[in-house]
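# Per-entry structural report
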2 protein chains.
Amino acid sequence: MPYGDAMTARARNEERRAEIVRAALEVIAERGYRGASMAAVAERVGLTQQGLLHYFPTKDTLLVAVLKERDQWDAVPDGRWRLELLAALVEYNAMRPGIVQTFSALLGESVTEGHPARGYFTERYRDVRSSMAATLRSEYGDRLPSGLTPERAAPLLVAVTDGLQYQWLLDPDSVDMPAAFRDFLVLLGEAE
Amino acid sequence: MPYGDAMTARARNEERRAEIVRAALEVIAERGYRGASMAAVAERVGLTQQGLLHYFPTKDTLLVAVLKERDQWDAVPDGRWRLELLAALVEYNAMRPGIVQTFSALLGESVTEGHPARGYFTERYRDVRSSMAATLRSEYGDRLPSGLTPERAAPLLVAVTDGLQYQWLLDPDSVDMPAAFRDFLVLLGEAE
């Protein structure tokens, strides 16, 4: 096969994989991961189940790809986070309820027994808490105006972000997620 | 049937129903609601599926009973909530991970399409936000020390409670949920 054709085949393969991951995101948003079937994902992209298995041999390998997609979501190099940037991310998320729904459903499931995403979320939250502590330290130094250390405020910053997503997904007309997140920054000590 | 016997039969029936609800709480904690089967619940209480259907004719009627149990959880008469009491509730919850796991899993699932608990959670969060706003008002008046109104701080109080539960369930050794909740009260304006 000439070089050019090989590249095209690889690009086509990558594109197909991306399309499958997008379909999986939708199916998980609708049914959760445990409720998602490979058949439903295959159908959505017009593949047979056998065809789908060519790209992702098991449901769990597809989950890994979905979680990698999650990592892209807030991929800001460590030390480059600012509170203002976080507020902008929450604003952006409010424009894509589908993807927020996928990951809120996955987080909820991850606390059930033996869930395949449990290890991922456990590790991710450790990283996020430590990265948020570093962000708060660069903003406020060793003490926030309230007297809390960055390490003690970080889990709260993460918790409020997740908790607001559930309230907003359930009731978008009653909960202004980006405004509520900015209110939390006021509690941390930002000027209103 | 003499009156006494009828009461005994009713009491026995109630006790059996309570036992089934406890089993359902466990099964949901392990597998989520969509993953929970009536067969698994029946097995756990030593009933046939047919026997279980005598008490709860459908999986959704069992869910309703589980959600009523949830309502008992933080059943404090409106206007009697105090922030100190909330902190005590979080402390209490930290001693019963099983039940926190059940409801964190249910909340996560509730944002998926057509979930039978979605209406319940939507309405519950409206109530809880308004009850928390009233609590904050009785503590601080019309403005918190940060300048936020009770209505703007209430969704944050609720969000942080839910969000901390996920972090704690995933990683109980790294997250001290009751201490983190008290830290949030410091952000609201309580003395440390």
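Residues numbered from 1 in each chain as written. Chains lettered and ligands numbered in written order. Predicted model: local features only at pLDDT ≥ 70, side-chain atom pairs only at ≥ 80, totals over all residues. Heavy atoms only, no water.

For chain A, the name recorded in an unreviewed UniProt entry is TetR/AcrR family transcriptional regulator, with Streptomyces lannensis as its organism.

## Examining the overall build of chain A
Secondary structure summary: chain A contains nine helices and zero strands in total. Going residue by residue from the N terminus, the α and β elements of chain A occur as α-α-α-α-α-α-α-α-α. Its C-alpha atoms give chain A principal-axis dimensions of about 65 × 40 × 30 Å. Taking contacts inside chain A between residues at least 6 apart in sequence as the whole, the part at least 24 apart equals 64%. The averaged location of the 28 negative side-chain charges in chain A is 6 Å from the averaged location of its 22 positive side-chain charges. (Helix = DSSP H or I, 4+ residues; strand = E, 2+ residues; numbered from the N terminus. Contact = heavy atoms within 4.5 Å. Lys, Arg positive; Asp, Glu negative; His and termini not counted. Charge placed at Lys NZ, Arg CZ, Asp CG, Glu CD.)

## Focus on the domain arrangement of chain A
Residue and element names in this part refer to chain A. For chain A, the assigned domains read domain 1 (1-66) and domain 2 (74-192). On a C-alpha basis, the centres of domain 1 and domain 2 stand 29 Å from each other. Roughly 870 Å² is buried in total at the junction of domain 1 and domain 2, and carbon and sulfur atoms are behind 64% of that figure. Its largest share of buried area at the contact with domain 2, domain 1 owes to Leu-25, Ala-29 and Arg-34, together 52% of the area lost on that side. Taken together, the links from domain 1 to domain 2 amount to zero salt bridges. At the surface where domain 1 touches domain 2, the tally comes to six residue pairs in polar contact (both at pLDDT 80 or more). Every element with two or more residues in the side of domain 1 that touches domain 2 is listed here: helix H1 (3-35) and helix H4 (59-73). The leading source of residues in the side of domain 1 that touches domain 2 is H1, at seven residues. Class assignment of the residues belonging to the side of domain 1 that touches domain 2 gives a composition of six nonpolar, one polar and three charged. (Domains from an automatic or database assignment. Buried area = accessible area lost by both parts, 1.4 Å probe. Salt bridge = Lys/Arg side-chain N within 4 Å of Asp/Glu carboxyl O. Polar contact = N/O pair within 3.5 Å; in protein donor to acceptor, adjacent residues only side chain to side chain. Nonpolar A, V, L, I, M, F, W, Y, C, P; charged D, E, K, R; others polar.)

## Let's talk about the relation of the copies chain B and chain A
Note on the identical chains: chain B maps onto chain A by a rotation of 180° and an axial translation of 0.0 Å, with an RMSD of 0.0 Å. What the rotation and shift describe, once combined, is the action of a two-fold rotation axis. If distances are taken from each C-alpha of chain B to the rotation axis, the shortest is found for Gly-108 of chain B, at 1.9 Å. In this assembly, 100% of the residues forming the interface of chain B have copies in chain A that are likewise at the interface, indicating an isologous arrangement. (Least-squares fit on C-alpha atoms with pLDDT ≥ 70 in both.)

## Quick word on the nonpolar core
Phe-184 and Leu-188 of chain A together with Phe-184 and Leu-188 of chain B are the most contacted members of the largest nonpolar core, which totals 134 residues. When sequence neighbours within four positions are dropped, the list of residues in contact with Leu-188 of chain B reads Leu-187 of chain A together with Leu-83, Leu-136, Tyr-140, Leu-144, Pro-145, Ala-153 and Leu-157 of chain B. (Core = buried A, V, L, I, M, F, W, Y, C linked by side-chain atoms within 4.5 Å. Buried < 20%, exposed > 50% of the residue type's maximum accessible area, 1.4 Å probe, protein only.)

## Notes on the packing of aromatic side chains
Within this structure, the stated rule accounts for six aromatic pairs over all chains. Considering the side-chain rings of Tyr-166 of chain A and Tyr-166 of chain B, the 5.3 Å spacing of their centres and the 20° angle between planes classify their relative orientation as stacked. Of the two residues, Tyr-166 of chain A is situated in helix H8 (residues 150-170) and Tyr-166 of chain B in helix H8 (residues 150-170); the pairing between them involves two chains. Tyr-166 of chain B matches Tyr-166 of chain A in its accessibility class, with the two residues each being buried. Here the aromatic residues Tyr-120, Phe-121 and Tyr-125 of chain A are joined through ring pairs into a cluster of three or more. One residue, Arg-70 of chain A, lies across the ring of Phe-103 of chain A, its end atom 5.6 Å from the ring centre. Its guanidinium or amino end placed over the ring of Tyr-125 of chain B, Arg-124 of chain B lies 5.4 Å from that ring's centre, counting from NZ or CZ. (Phe/Tyr/Trp six-rings, centres within 6.5 Å; stacked < 30°, edge-to-face > 60°. Lys NZ or Arg CZ within 6 Å of the ring centre and 35° of its normal.)

## Observations regarding the interface of chain B and chain A
Listed by partner, the interface residues are 46 residues for chain B and 46 residues for chain A. Between chain B and chain A the total buried area reaches about 4,200 Å² when both faces are included, carbon and sulfur atoms providing 61% of it. Joining chain B to chain A, the criterion identifies six salt bridges. Where Asp-171 of chain A meets Arg-126 of chain B, a salt bridge forms, and the shortest distance between an N and an O atom there is 2.7 Å. On inspection of chain B and its partner chain A, the count reaches 20 residue pairs in polar contact (both at pLDDT 80 or more).

## Overview of helix H6 (residues 97-110) of chain B
Residue and element names in this part refer to chain B. In this model, H6 (14 residues) spans 20 Å end to end at C-alpha, consistent with the 20 Å of a helix rising 1.5 Å per residue. Within H6, twelve of the 14 residues are buried, leaving the element largely enclosed by the surrounding structure. Looking at H6, one finds that the buried residues are Ile-99, Val-100, Gln-101, Thr-102, Phe-103, Ser-104, Ala-105, Leu-106, Leu-107, Gly-108, Glu-109 and Ser-110. (Expected span 1.5 Å × (residues − 1).)

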